[in-house]
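Geometric and topological summary
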2 protein chains.
Amino acid sequence: MQRYFLDDSHQTGDRVALPETIAHHWVTVLRAEVGATAEFVDTQAHLFYGELTQTTTEAATVTLTAVPTPKVELPVHVTIACGLPKQEKAEWITQKATELGVDRIIFFGGDWSVAKWQGNKVDKKIKRLTKIAHGAAEQSHRLRRPVVSYAQNLAAVLQEPVDVRLMAYEESAKQGEQSALNQQLQAITPGQSLLTIFGPEGGISPAEVAASQAAQTTLVGLGPRILRTETAPLYLLSAVSMVMELQQPR
Amino acid sequence: MQRYFLDDSHQTGDRVALPETIAHHWVTVLRAEVGATAEFVDTQAHLFYGELTQTTTEAATVTLTAVPTPKVELPVHVTIACGLPKQEKAEWITQKATELGVDRIIFFGGDWSVAKWQGNKVDKKIKRLTKIAHGAAEQSHRLRRPVVSYAQNLAAVLQEPVDVRLMAYEESAKQGEQSALNQQLQAITPGQSLLTIFGPEGGISPAEVAASQAAQTTLVGLGPRILRTETAPLYLLSAVSMVMELQQPR
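Not measured: the values here are computed from a predicted model.

**Some thoughts on unusual backbone geometry**
Residues and elements named next belong to chain A. Of note, the phi angle at Ala 45 is positive, near 60 degrees, even though the residue is not glycine. On the secondary structure map, Ala 45 appears in the loop between β3 (37-41) and β4 (47-56). Positive phi outside glycine occurs at Gln 216, with the angle close to 55 degrees. Position of Gln 216 relative to the elements: it lies in the loop between α7 (206-214) and β11 (217-220). Under the relative-accessibility criterion, Gln 216 is labelled exposed at 64%.

**Quick notes on the sheet that holds strand β8 (residues 147-151) of chain B**
All names here are of chain B. Pairing is parallel in the open sheet, where 6 strands are placed in the order β8-β7-β6-β10-β9-β11. This sheet does not close on itself; its edge strands, each paired only once, are β8 and β11 (217-220). On average, each strand axis in the sheet is inclined to that of its neighbour by 20 degrees, with strand direction left out of account. Inspection of the sheet shows strand β9 (residues 164-168) paired to β11 by 4 bridges, in the parallel sense. The residue of β11 that forms the bridge with Arg 165 is Thr 217.

**So, the environment of Met244(B)**
Residues and elements named next belong to chain B. Take Met 244: it is sitting in helix α8 (residues 232-246). The class for Met 244 is buried, based on a relative accessible area of 2%. With 189 residues separating them in the primary sequence, Met 244 and Thr 55 have C-alpha atoms 43 Å apart. For Met 244, the residues in contact, after removing those within four places along its chain, are Pro 75, Val 76, Leu 185, Ile 188, Thr 189 and Pro 190.

**Some thoughts on the pairing of strand β6 (residues 77-83) of chain A**
Residues and elements named next belong to chain A. In terms of residue burial, β6 counts as a mostly covered element, since 6 of its 7 residues are buried. Here 6 bridges tie β6 to strand β10 (residues 193-198), and the two strands are oriented parallel to one another. Residue pairing for β10: Thr 79 is matched across the bridge by Leu 195. Bridge count between β6 and strand β7 (residues 104-108): 5 bridges; the pairing is parallel.

**Some words on the domain arrangement of chain A**
Frequently, the measure chosen for interface size is the accessible area that the parts lose on association. Residues and elements named next belong to chain A. By the assigned domains, chain A splits into domain 1 (3-66) and domain 2 (77-246). Contacts between domain 1 and domain 2 engage 8 residues on the former and 7 residues on the latter. Between domain 1 and domain 2, a total of about 720 Å² is buried, with carbon and sulfur atoms accounting for 57% of that surface. The largest per-residue losses of area from domain 1 upon contact with domain 2 belong to Arg 3, Phe 5 and Ala 45, which jointly make up 76% of the total buried on that side. On inspection of domain 1 and its partner domain 2, the count reaches 1 salt bridge. The salt bridge partner of Asp 7 is Arg 145, with a shortest N-O separation of 3.1 Å. Taken together, the links from domain 1 to domain 2 amount to 3 residue pairs in polar contact (both at pLDDT 80 or more).

**Digging into the relation of the copies chain B and chain A**
Superposition of chain B onto chain A requires a rotation of 180 degrees combined with a translation of 0.0 Å along the rotation axis, giving an RMSD of 0.0 Å. Those values place the two copies in the arrangement expected of a two-fold rotation axis. Taken together, the interface assignments show that 100% of the residues at the interface of chain B recur at the interface of chain A, consistent with an identical surface on both copies.

**Re the interface of chain B and chain A**
The partner chain A presents 42 residues to the 42 residues of chain B that form the contact. Approximately 3600 Å² of surface area, both sides summed, lies buried where chain B meets chain A, with 54% of it carried by carbon and sulfur atoms. Three residues, Gln178(B), Arg225(B) and Leu246(B), lead the burial of chain B against chain A; their summed loss comes to 21% of the area buried on that side. Where chain B packs against chain A, one counts 6 salt bridges. A salt bridge links Arg228(A) to Glu99(B), with the shortest nitrogen-to-oxygen separation between them at 3.3 Å. Counting only elements with at least two residues in the side of chain B that touches chain A, the list comes to α2 (89-99), α3 (120-139), α6 (180-187) and α8 of chain B. For the side of chain B that touches chain A, the leading source of residues is α8(B), giving 9 residues. Considered class by class, the residues forming the side of chain B that touches chain A number 17 nonpolar, 15 polar and 10 charged.

**So, the sheet that holds strand β2 (residues 15-17) of chain A**
Residues and elements named next belong to chain A. What the 5 strands build is an open sheet, ordered β1-β3-β4-β5-β2; its pairing is mixed. Strands with a single pairing partner mark the edges of an open sheet, and in this sheet they are β1 (3-5) and β2. For this sheet, the mean inter-axis angle between neighbouring strands, taken without regard to orientation, is 40 degrees. Pairing of β3 with β4, which is carried by 5 bridges, proceeds in the antiparallel orientation. When the bridges of β4 are listed, Phe 40 appears paired with Phe 48.

**Quick word on the packing of aromatic side chains**
The tally for this structure, following the rule as stated, stands at 11 aromatic pairs over all chains. Look at Trp92(A) and Trp92(B): their rings are 4.5 Å apart centre to centre, the planes differ by 25 degrees, and that puts the pair in the stacked class. Linking Trp92(A) in helix α2 (residues 89-99) with Trp92(B) in helix α2, this pair reaches from one chain into another. Both residues of the pair, Trp92(A) and Trp92(B), belong to the buried class.

About the criteria used
- Residues numbered from 1 in each chain as written.
- Chains lettered and ligands numbered in written order.
- Predicted model: local features only at pLDDT ≥ 70, side-chain atom pairs only at ≥ 80, totals over all residues.
- Heavy atoms only, no water.
- Helix = DSSP H or I, 4+ residues; strand = E, 2+ residues; numbered from the N terminus.
- Buried < 20%, exposed > 50% of the residue type's maximum accessible area, 1.4 Å probe, protein only.
- Pairing = 2+ DSSP bridges.
- Axes fitted to C-alpha atoms, helices over the stretch in contact; angles between N-to-C directions.
- Contact = heavy atoms within 4.5 Å.
- Domains from an automatic or database assignment.
- Buried area = accessible area lost by both parts, 1.4 Å probe.
- Salt bridge = Lys/Arg side-chain N within 4 Å of Asp/Glu carboxyl O.
- Polar contact = N/O pair within 3.5 Å; in protein donor to acceptor, adjacent residues only side chain to side chain.
- Least-squares fit on C-alpha atoms with pLDDT ≥ 70 in both.
- Nonpolar A, V, L, I, M, F, W, Y, C, P; charged D, E, K, R; others polar.
- Phe/Tyr/Trp six-rings, centres within 6.5 Å; stacked < 30°, edge-to-face > 60°.

Right, dumping it as structure tokens:
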């Protein structure tokens, strides 16, 4: 069933005039008619069935009925901080990480980032990436929409208040380090927040490694193969799901 | 260091005239000069340093020295069988799955595949995907190059002789099934072969599910979120690495 996110909190019986973007997609693009039902998620991450009760051109009203909300969010709040990657990679990191359950995505200007986002380009990029995250959250039937933001450098990322900080570090993989990620994931408890830092194509500079370690960041390898900058976050999120969802059934 | 694959088995001291594609890339594109060194992997998955000893236009010779071969391959041989996906998704499944350690990739015509590969299009596609796999294997410093092939339907895939067969099944995720994948990965032993089947965008048909189950295939969920056809194989490969590499340090 189609799923959309609403911008308020709701309860059963609420009649809601749908925002124009939803009305356009559901009624105009998908040709939903009065009586059709879609899933709606409110700002409290509660799930509703919404029956289409009225449509006019580009406007639509639904009546909501609360339904049991399934557990589909990762048990920990995962933020990924990615050194600005080249070309369209930011878009697909955003789409795939959203499917895999990410909570926040921060793109930061890494010391060795080739890409630069400057001036009003930043706002435009973040707006576009936010739209991609919201679309992917609907498609993957999430209950939360990830927040996408920009940080000028890693120092700004390290000021985020989180419970656990990790950095994906290629040198760890090369040196055969194989257990730090598992140790960290075994120790984290549901409800905690986890930040993981990924370098851009050029990698993480020694200064960035030192600053991260000074901020209680654990360097972790993601297996013995060299992963591209856009693949490493997907490995991390899959590993979190494997350890915290599939190995610890709720 | 740059890495290339050779098409024979070798030993220390061998002088090898490089294939034209390698010579072109290393000497012409990367401008390597006599005395430069790259890594070479032979058909036995042994690693060598190769020193460039002679170059002419588009031809080059190296002298090989065997070096310790690191363990970078997954401890099990993983084949992914993917229902033919749309557009360029086959290309990026191939690239990303290679980085994540896949051994073989089979694209098959699923009952509900929208995409069709027909006639001489198949050869062209497989040739292109093989090239992508080889490039990704070099970049991710693999020791084996995945084999990419095409199967007309799932029945052909199910005839592949493997030790363990899994099918990623969205309905399992929806019904809250959360432990089958872990159980299967805990039971598999190093050296065994694992086939995992993924549906195309339209999903797996009931007939395909039944045929797979008749061929001793276990249905597994990949966490509670709905993953796109191109994301699910990456989750599986990351999970295999997490369980068999990071949780069981060798």
